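Tertiary structure, described
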Amino acid sequence: MMLRSVTLILAVLMALSVLSTNNLTPAQKASIATRFASEVKYNYAGYGQFSQDYDSICRAELQSLAETPNDEDFGRRLLLLAHRLKDGHTSVSWNADVSVAPFLTKRIGDSVFVSEVFSDEYRGKGVARGTEILQIDGMPVIEYGEKNVAPYIPSSTPQWSAFYPFSSINLTKGERGLPLTITFKNRKGKEFTLTDHRDSPWSIINPDMSMKFDVLQGNIGLLKIPSFRASCFDAQAFTDLFEKQILPTEALIIDIRDNNGGNSQIADFIMQFIAHDSIPQGAWTQPEYKASFASWGQKWHTDTVESQSLIPFHKQYPDLPEYDKPIILLVNSGTFSAAENFAVLFRNAGRGKIVGVPTGGSTGNPIMIDLGWGYYGVICTRHEKLADGTEFIGAGIQPDVIEEETESFFFGKDNVIEAALKELRK
């Protein structure tokens with residue numbers, strides 16, 4: 001099995017922090033910026049498709065980058081330069097003391113809600129799952145996120161830019177100790193305001209991101225996969241789950257909404273349990289530079305690599321039964337990177353319908369490069385397509401059935417799962 005590590009390395013560690021220092025010299029700033037631009041030229045899988053001359057852009061902005069008044073402004077400007085490439089796996093990062101408020105958020109429509117709370121203090125003050133966030137620092141929450149968060153998060157698609165900055169920990173990320181004023185509204189409509197200094201203790205340090213399995217009415221299995229990170233996955237435990245609990249079900253719903261990636265080898269492993277036949281995989285491309293060819297005036301080449309089909313386990317191991325029941329896959333705009341690879345395999349296999357909204361539209365085996373002085377570049381090195389040649393990078397996987405999440409997600413009645421159940425009953 002070929003390892004396709006597409007662990008999501010969103011280089012936004014520093015995107016919302018404040019650097020009060022001015023340690024970098026103009027020459028060092030210029031070196032960091034030009035090194036990143038050079039590495040993009042040689043490593044970025046989408047370089048040939050980029051509509052503008054990135055070298056020219058970098059040259060035009062180099063002087064102003066070098067003359068930024070402090071490290072904070074330089075970092076922000078460098079992020080904006082990197083994000084001109086519009087790739088969800090291409091950005092820059094650096095080290096700093098950042099922190100977040102002890103809760104997660106999720107955007108639904110034009111509203112933002114608390115999705116998880118990790119502080120007894122916050123619970124005692126009325127913050128709970130489903131509490132709506134109205135304002136941050138006096139600004140409407142959507143306006144705040146679009147202005148202060150979204151530009152500093154790498155993105156390949158409008159749906160990722162509209163969703164991810166308002167999800168997970170992104171809205172409250174910033175310099176440790178720097179106050180943030182948040183206005184909430186509870187389910188009864190009461191508004192209240194809290195000031196967080198990004199130093200509140202967390203009652204849960206490492207939220208549980210392991211798989212969850214349940215059996216719904218009608219003997220329909222529901223498999224939720226929050227992450228494809230290796231630390232969240234146990235191959236033997238999944239094998240046991242498949243044999244003892246999934247095989248006896250009459251149908252299966254697989255939920256990879258809000259799963260922003262990990263290692264695609266895990267996606268391959270799971271798909272090999274549920275596929276009927278060999279799964280075709282599209283060829284992928286990578287940039288290829290040959291010095292001699294360049295001396296003859298030839299441009300960069302694109303190296304095309306054919307992918308082998310994945311063979312289902314029931315064809316490899318006759319003792320393992322085939323799961324031949326209907327399957328529905330749930331996705332949303334937070335389905336990203338290795339999770340998107342899983343959706344690609346699912347569609348390539350023709351295994352069932354996909355329900356939800358278009359996925360985040362980015363994957364590609366990122367490489368991390370030391371730019372010097374504590375700065376790092378993260379660059380997408382691989383361009384992938386569906387087996388039939390359809391582009392999904394920059395577009396997302398398009399569902400067979402469009403179903404947008406509603407507030408019911410937080411209160412025990414998930415309308416997207418209901419839509420999947422409706423499809424299974426047809």
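In this report, we go over the structure that sits alongside the text. Everything numeric here is computed off the predicted structure, so don't read it as measured data.

1. As for the side chain of S167
Here S167 shows up in the loop between α6 (158-163) and β7 (174-175). Polar side-chain contacts of S167 include one of 2.9 Å to the backbone oxygen of F163. The contact partners of S167, leaving out residues within four places of it in the chain, are T105, K106 and R107.

2. Points about the pairing of strand β16 (residues 352-356)
Walk down a regular strand and you will see the side chains alternate between the two sheet faces. The sheet contact formed by strand β15 (residues 327-331) and β16 spans five bridges and is parallel. Looking at the pairing, I327 lines up with G352 of β16. As paired elements, β16 and strand β19 (residues 401-402) share two bridges and run parallel to each other. The residue bridging G356 from the neighbouring strand is I402, located in β19.

3. Remarks on a nonpolar patch on the surface
On the surface, Y42, Y289 and W300 cluster together into a nonpolar patch covering about 300 Å² of accessible area. Turning to its location among the elements, Y289 is positioned in the loop between β13 (284-288) and α9 (291-295).

4. Examining the sheet that holds β19
Spatial strand order, β10-β11-β12-β15-β16-β19: six strands in an open sheet with mixed pairing. The open sheet has two edge strands, β10 (212-216) and β19, and neither has a second partner. Looking at chain direction, strand β11 (residues 220-224) and strand β12 (residues 251-255) are connected through five bridges and run parallel. Within β12, the residue paired with I220 across the bridge is A251. Along the sheet, helix α12 (residues 415-425) contacts β10, β11, β12, β15, β16 and β19; its crossing angle with β15, the most-contacted strand, is approximately 155°.

5. A word on the side chain of T172
By the element assignment, T172 lies in the loop between α6 and β7. Residue classification places T172 among the buried residues on the basis of a relative accessible area of 3%. For T172, the contacting residues outside a window of four places in its chain are S99, V100, A101, F103, L180, I182 and R198.

6. Describing unusual backbone geometry
A positive phi angle, close to 60°, is found at S168, a residue other than glycine. Here S168 shows up in the loop between α6 and β7. Residue classification places S168 among the partly exposed positions, given a relative accessible area of 27%. Positive phi values are uncommon outside glycine, yet D258 reaches one of about 65°. Note that D258 resides in the loop between β12 and α8 (264-274).

What counts and how
- Residues numbered from 1 in each chain as written.
- Predicted model: local features only at pLDDT ≥ 70, side-chain atom pairs only at ≥ 80, totals over all residues.
- Heavy atoms only, no water.
- Helix = DSSP H or I, 4+ residues; strand = E, 2+ residues; numbered from the N terminus.
- Polar contact = N/O pair within 3.5 Å; in protein donor to acceptor, adjacent residues only side chain to side chain.
- Contact = heavy atoms within 4.5 Å.
- Pairing = 2+ DSSP bridges.
- Patch = residues over 30% accessible without salt bridge, like charges linked within 9 Å, V, L, I, M, F, W, Y side chains within 5 Å.
- Areas by Shrake-Rupley, 256 points an atom, 1.4 Å probe, with all protein chains shown as cover.
- Salt bridge = Lys/Arg side-chain N within 4 Å of Asp/Glu carboxyl O.
- Axes fitted to C-alpha atoms, helices over the stretch in contact; angles between N-to-C directions.
- Buried < 20%, exposed > 50% of the residue type's maximum accessible area, 1.4 Å probe, protein only.

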